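# Fold and contact review
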Amino acid sequence: MTDLRALAHLSGLEQLRQGFQNGDAAPIAETLDFRLVYVEEGLVRFESTPTRAVYNPIGTVHGGYIATLLDSACGCVVHSTLKPGQAYTSLELKTVFHRALTEGTSIVTEGRIVQAGRRAAFAEADIRGVDGKLYATATSTCLVMEAP
């Protein structure tokens, strides 16, 4: 995985595209087996198919897996709006679980920017099956700052 701090001279979109083209993935994406498949400024998409390895004790996909996908989509879409030398951190993530998700269900997680400002950015994301069924949604607030 490329250390994004080494790419601070690039915009956030350029950083994401460079990583996307190089096949770089964050360790969490490798661990949970989700892939960034589309990125433009203000819009990102991940694809994944959860397995039984991410189940909770009641026999469905764990909410933490779902929240991780939504947080990743919100974070990456905010990242896509950053200017060179900027960084961000999540301040808040609100998730809503609309229906149970089970293993083998191919899903698309899409993140969209609501508004990106100098100090704060607001994003939203949803998880849908490839058949269009809505599984979960989220909103996120991120602090935008100078890169360390």
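Computed from a predicted structure; not experimentally measured.

## As for the nonpolar core
- Among the nonpolar cores identified, the biggest contains 32 residues, and Val 44, Val 61, Tyr 65, Ile 66, Leu 70, Ile 107 and Ile 127 are the most heavily contacted of them.
- Breaking this core down by element, the ones donating at least two residues are helix H1 (12–22), helix H2 (27–32), strand S1 (34–40), strand S2 (43–48), helix H3 (63–79), strand S5 (120–129) and strand S6 (134–146).
- Tallying contributions element by element places H3 first for this core, with nine residues.
- Apart from the residues within four sequence positions on either side, Ile 107 is in contact with Phe 46, Glu 47, Ser 48, Pro 50, Tyr 65, Leu 69, Leu 101, Ile 127, Arg 128, Gly 129 and Tyr 135.

## What about the environment of Thr 105?
- Structurally, Thr 105 is set in the loop between strand S3 (86–97) and strand S4 (107–116).
- You can call Thr 105 buried: its relative accessible area is 17%.
- Separated by 26 residues in the primary sequence, Thr 105 and His 79 have C-alpha atoms spaced 28 Å apart.
- One polar contact links the side chain of Thr 105 to the main-chain carbonyl oxygen of Thr 102, over a distance of 2.9 Å.

## Quick word on unusual backbone geometry
- Not every positive phi belongs to a glycine, and Asp 33 is a case in point at roughly 60°.
- Position of Asp 33 relative to the elements: it lies in the loop between H2 and S1.
- For Asp 33, a relative accessible area of 45% puts it in the partly exposed group.

What counts and how
- Residues numbered from 1 in each chain as written.
- Predicted model: local features only at pLDDT ≥ 70, side-chain atom pairs only at ≥ 80, totals over all residues.
- Heavy atoms only, no water.
- Core = buried A, V, L, I, M, F, W, Y, C linked by side-chain atoms within 4.5 Å.
- Buried < 20%, exposed > 50% of the residue type's maximum accessible area, 1.4 Å probe, protein only.
- Helix = DSSP H or I, 4+ residues; strand = E, 2+ residues; numbered from the N terminus.
- Contact = heavy atoms within 4.5 Å.
- Polar contact = N/O pair within 3.5 Å; in protein donor to acceptor, adjacent residues only side chain to side chain.

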